[in-house]
Amino acid sequence: MDASILTIAPGAPEPIYRQIVEQVRRMIAGGQLPPGELLPSVREVAGAHAINPMTVSRAYSLLESEGLLERRRGTGMAVAQGTRRAHPEAARMALLEPRMQDLARAARELELPASRVLRRLGQLLEDET
């Protein structure tokens, strides 16, 4: 895994360590990070995104305490062997549910028509960049 696969938004209301945790959780649940896959080092992620190494270390430690990552002497952090390749669709949707609720609430507050929001969401889902 390359450090650039993570998307960090420094100005977002969600703390950076939480952004890392949530992204790695989703990549594991979706099968993008299979068991045994090595994660980039703390220094590599911190350098690639210009963030404090302690922030990355905190995220990795939290994922390790949840049993999603394991430390490997001499090589760093890897996806734990006990994790399933891809979770069932319902479990993956559950990970997305809080963000969908936030999106729906924001769209209602902005009085945007559902059809327009759904059309834009469809465009974003199809966009590879």
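Position numbers for residues count from 1 along each chain, tracking the sequence in the order it is written. Local features are withheld for residues below a pLDDT of 70 in this predicted model, meaning they are given only at 70 or higher, and side-chain atom pairs are given and counted only at 80 or more; totals for whole chains, interfaces and linings count all residues. As a rule here, side-chain values come from all non-hydrogen atoms in the structure, and water together with hydrogens is ignored.

### Digging into helix H2 (residues 42-49)
Move 1: Listed in full, the buried residues belonging to H2 are Val-45, Ala-46 and His-49. All buried residues of H2 project into a common sector of 95 degrees when viewed along the axis, lining one side. Opposite the buried face of H2, at more than 90 degrees from it, the exposed residues are Arg-43 and Gly-47.
Move 2: Contacts made by the buried residues of H2 are with helix H3 (53-65).
Move 3: Put simply, DSSP marks the helices as runs of H or I at least four residues long and the strands as runs of E at least two long, and each gets a number from the N terminus on. Just past H2, the residue Ala-50 takes up positive phi, approximately 55 degrees. Burial here depends on accessible area, computed with a 1.4 Å probe over protein chains only, as a share of the maximum for the residue type. Under 20% is buried, over 50% is exposed, and the range in between is partly exposed. Note: the arc covers the axis-to-C-beta directions of the helix. Any two residues whose heavy atoms approach within 4.5 Å at even a single point are treated as in contact.

### A short note on the pairing of strand S2 (residues 76-79)
Move 1: Inspection of the sheet shows strand S1 (residues 69-72) paired to S2 by four bridges, in the antiparallel sense. Counted as the bridge partner of Arg-71 is Met-77 from S2.
Move 2: Counting the residues in the hairpin turn of S1 and S2 gives three residues, including Gly-74, whose phi is positive at 85 degrees. Any two strands with at least two DSSP-identified bridges between them are counted as paired.

### Here we look at the pattern of salt bridges
Move 1: Salt bridge criterion: a side-chain nitrogen from Lys or Arg within 4 Å of a carboxyl oxygen from Asp or Glu. Summed over the entire model, instances satisfying the criterion amount to six salt bridges.
Move 2: Where Glu-14 meets Arg-99, a salt bridge forms, and the shortest distance between an N and an O atom there is 3.0 Å. Of this pair, Glu-14 sits in the segment before helix H1 (16-29) while Arg-99 sits in helix H4 (residues 89-109), placing them 85 residues apart in sequence.
Move 3: Exposure remark for Glu-14: the relative accessible area of 24% places this residue in the partly exposed category.
Move 4: A relative accessible area of 41% places Arg-99 in the partly exposed class.
Move 5: Two residues, Glu-64 and Arg-71, come together in a salt bridge whose shortest N-O distance is 3.1 Å.

### Some thoughts on the environment of Pro-15
Move 1: Mapped onto the secondary structure, Pro-15 falls in the segment before H1.
Move 2: Taking the C-alpha atoms as reference, Pro-15 lies 9.1 Å from Thr-55; in sequence the two are 40 residues apart.

### Brief notes about the environment of Ala-91
Move 1: Looking at the element boundaries, Ala-91 is found in helix H4.
Move 2: On the accessibility criterion, Ala-91 (29% relative accessible area) is partly exposed.
Move 3: Put simply, Ala-91 and Leu-33 are 58 residues apart on the chain and 16 Å apart in space, counted from C-alpha to C-alpha.

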